[in-house]
Amino acid sequence: MKTGTSRLAIVASSILAITVGLTHSLAAGSPKLAPALNVVIDNPTSPDSIVTVVIFLESESRSNALSAIAASPNQTRATRIKTVISSLSSASPSSSDSRVMHFLDINAVGQTRRFWIAPAIETSLPVAKLADLAALPGIRLVIPNVTLDFDAPVDIKAAPAISTSVSSELTLLKVPELWRLGIRGNGRLVCSFDTGVESTHPALASKWRGTHADLRASWFSKVAPDTIPYDKAGHGTHTMGIMVGSTASDSFGVAPGAEWITAGVIDQGRPLNVTIGDIIEAFQWALNPDGDTATTDDVPDVILNSWGIPTGLFEPCDETFAQVIDNVEAAGIVTIFACGNEGPNPKTVRSPADRSSSPVNSFSVGAIDISKVVATFSSRGPSSCDSTQLKPELVAPGVAIRSSTRGGTYAYMSGTSMAAPFIAGLVLLCREYNPDATVDQIKYALLQAADDLGPAGDDNAYGHGLVDATRLLALLPQPGQTRFTLLGRLISGDGVASPGEAIELQLMVAETAGNVSKVNGTLGVQSTGQITITKGTAQFLFGSGGSTALNTDPFRLTLDSSLVNGASIPMIVTFADSNGVLLDSLTFDLTAGFPAPGHVAPLTTGTVDFSVSDFAQYGLAPGSIYNLEGQGFRVNGSANLLYEAGIIVGRNSLQLAGSVRDSLGCYGPSAFAPVESLTQYIDPVDGGVHTSCQFADSRAKIAIPITVSQESMHYGTADESGYVILKYHLVNRTLQTMTEMHFGFLADFDISGQSDQVQLNSSLGMIYQYSDIGPMVGIVALSEGATFTALSNSAGKVGLKSQEKYDLIASAVNSVDASVIGDRMIAVSFGPYTIPVGDSVEIAIALVGGMAVNELVTAAVRAEQRMGIPTAVDDDANVPESFSLHQNYPNPFNPSTTISFALPKASDIRLEVFNLLGERVRTLVSGSLAAGEHHIVWMGENDGGQSVASGVYFYRLTGALGEQTRKMMLVK
């Protein structure tokens, strides 16, 4: 049997030790194996030692095609991105590729990860199989999947929270002069490969793309993908601040109008730092962050890299990342590297920043101080690839740079990682001026705009010198013939154009010719029936020599109340001079309300019609607080009765995640984002329709963080058509026990307007709402420890502050006044719960509907029977009679499954997952648990947080009460 994780770690550390200081004379074996692997073959720790490697395959034809795409200056950036992604993802495997995969199917240990950003594969193999692998046709290079370093700052000091003026470094680069032209990075996007970013930092929070886009499209992390971006080290927050950071009274970011995303690939809490395979996957993510090949605005303009391979770790001029970077840049993403902090000796620029196959294909940046003297620590050239090629390309300020850091604070840091962000920020300004400029056009403009420093001419300390930002625009190709471009828009009120709302609209536009002082704009809508324009003309005053203008007298328009949230309304603005001569027009889309963060599914029983979502909001019908064309809640074909419904989960008023209205009674976007989309199937055992999904509180202001598995069940038979069951599992996927966890479900039903009443049936655990005539609705608690509350909306829809929401779910006393008549809301809450690491708690409710109280009672009893809830039995009946491990569900599964087991009394237990070789893959539970039923969710990951391969696995429950094992299958 092959050894598992422990031996793998030993071999990995051995490789790292061997490769540091490696000389070329050691590489006496296969030329396709990195020298360190040849050494391991000659000196294995044991014959069956396992080593993790990255395999690069030959693919010249595809590389040539992508090079042609990158070189074409006549394509738009969007076309270039789509062409590159299509070319990479649709490339057919060659016969040699198939032979390699067949070899890995037989010999690989554990998971094999194949990339499309480059013809590369990450896998683990016995050392004895490396020579056989290298002998296969189609293999270009095999390297150890070693860990990499980030360019840590050489000095850190605390800095004041507010600066009263523009930073001296920005003045040195002449950036404020571009700001005065209106060029501040508006509409552009930057990505960093760093230690993450503190997304709540005051200087960065509003600029995170994740405030209005999907989490997975805004944050890449192998450690914590479901949390908002964070930064344990503060380094990534500092570099991001240099690129885009600003507050109302503080200017220190080069492109404060841009947005950011980040790949947290360094120092993210693992025992080891990021590996080569993880970096490749991060580049792959950056080329298509939202996973939708039809969109391109999610793709960053520039990637800042604050990491590198230390000199001496691989052979000189290592080409490990060459094809990955070339493919990313073929799509139009500029890559910028800090050159390293290993100066002042020559040939100390890190790989891949030292690559030199063309003047601009790997762009590295060194550091100078405010007096324009190169820093001692800044790495020097020439390139290890060719000693005639100078490095770095440019220098920028990198000594005692003030920027944001973790904890909402500021710090002075020194390092080339502080210099490179200045150049990355300039790329954003270039792209605002010409969005379709190619990577080479931007890099050549940066080089030509540089003022020479140090010895006359280019050299290996200063490169081409320091960029003068005022010269950049003249060195770039002029943008297209469009005379006016839209830089931004301002919507009155909360900034959202909600269905049914009357708004004021202001547009910030840029004029490229620069020879008009005033134009008249006329607003139009390209689709009738969606918007009524009540004021459609406005003036744009550019002034003498100005290039940007905002219509200070706003347009006024009213959105139709029937609009679905997320609908895009095509608008047009035409511009004419004072004589009425048409100068130009521009089009844009106005988004109605809040786009859906996930999907909605209809549930129909014959009596009840209802809609669920994978972001914890329900109903979602026209006329509700959030119209997504859902079914609402209807009884026997009635009109929609549900204005709003959602959940609230929290530990206190700060660690609180909800999907219900805000403090003003208006719609508030859900704090929950989908982790697994809605899936629906008919259970062959109970015959019911099951609709499941999973979401996490990644959109909360302060994440708990909690993952929630949701499952709804409904049945089509006549005697069971009056209810829908909603079952939730609160899953603790953190590394600490969660205490004081509360859960609540809130529903605002509108039965008859202002004459509704609420009653509580304590024996059934049901709160219900009704009026003199028409349908009745209710919520039934199917889990123990429920508390029921009824609230009044008084004259209108009242708001709920965070403290009020927490008080609602934390209340231990029923509060239902049956004498109150009016617009009511009803809620049921549960808790507090303590959830151990890896464990979960189950909470279930039923929504019932009928035309009379007896129909509600019948539906409630049927729902309780479905859940196996005993009647007139004491509490001891809920304690399992025996120690038992149940079959996982679903099975087969992808990507997650629930493992349940019963303990007749409190006991120390272990729940573990093993592969077919008997190797432990994951420890799910280890410790003492109380008596009762327990439900554990396995996400198909090993102890290192990596997804495991398809196949058969065994799960075993052991303890003083016994031992039981069952089999399950993961199918991808």
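Residues numbered from 1 in each chain as written. Predicted model: local features only at pLDDT ≥ 70, side-chain atom pairs only at ≥ 80, totals over all residues. Heavy atoms only, no water.

Student: Before we move on, can you summarise the overall build of the protein chain with the specific residues and values?
Tutor: Helix and strand counts for the protein chain stand at 16 helices and 53 strands. Split into buried and exposed, the 972 residues of the protein chain put 55% on the buried side. Sequence-distant contacts, at least 24 apart, represent 71% of the contacts inside the protein chain between residues at least 6 apart. Just so you have it, the protein chain exposes about 37,200 Å², and 52% of that area is on carbon and sulfur atoms. (Helix = DSSP H or I, 4+ residues; strand = E, 2+ residues; numbered from the N terminus. Buried < 20%, exposed > 50% of the residue type's maximum accessible area, 1.4 Å probe, protein only. Contact = heavy atoms within 4.5 Å. Areas by Shrake-Rupley, 256 points an atom, 1.4 Å probe, with all protein chains shown as cover.)

Student: Outline the environment of Thr 79, supporting the account with residue identities and numerical values.
Tutor: As for its position among the elements, Thr 79 is in helix α4 (residues 77-89). Measuring from C-alpha to C-alpha, the distance between Thr 79 and Gly 332 comes to 10.0 Å, with 253 residues separating the pair along the chain.

Student: Report on the pattern of salt bridges, specifying residues and quantitative values.
Tutor: All chains considered together, the criterion is met by 32 salt bridges. Ionic pairing is found between Glu 329 and Lys 443, a salt bridge with its closest N-O pair at 2.8 Å. Here Glu 329, found in helix α11 (residues 322-330), pairs with Lys 443, found in helix α13 (residues 439-448); they are 114 residues apart in sequence, far enough to count as distant. No difference in accessibility class separates Glu 329 from Lys 443, as the two residues are buried. Between Glu 644 and Arg 661 there is a salt bridge whose closest N-O contact spans 2.8 Å. With Glu 644 in strand β34 (residues 642-650) and Arg 661 in the loop between β35 (656-658) and β36 (673-682), this residue pair connects regions lying 17 residues apart in the sequence. As far as the burial class goes, Glu 644 and Arg 661 line up, both buried. Among the charged side chains, a network of salt bridges with common partners joins Glu 644, Arg 661, Asp 748, Asp 750, Lys 797 and Asp 823. (Salt bridge = Lys/Arg side-chain N within 4 Å of Asp/Glu carboxyl O.)

Student: Quick rundown of empty space enclosed by the protein? Include the residues and the values.
Tutor: Following the criterion strictly, the structure yields four cavities of 30 Å³ or more and no others. Roughly 40 Å³ of volume is contained in the second largest cavity. What lines the second largest cavity is Gln 617, Tyr 618, Leu 620, Ile 625, Tyr 626, Glu 644, Ala 645, Ser 659 and Tyr 667. Partitioned by chemical class, the residues of the lining of the second largest cavity number six nonpolar, two polar and one charged. (1 Å grid on protein atoms, 1.4 Å probe; cavity = no way out; pocket = protein on both sides within 12 Å on 5 of 7 lines; lining within 4 Å. Points joined across faces, edges and corners; volume = space filled by probe spheres on them. Nonpolar A, V, L, I, M, F, W, Y, C, P; charged D, E, K, R; others polar.)

Spatial relationships are all this shows, so hold off on functional conclusions.
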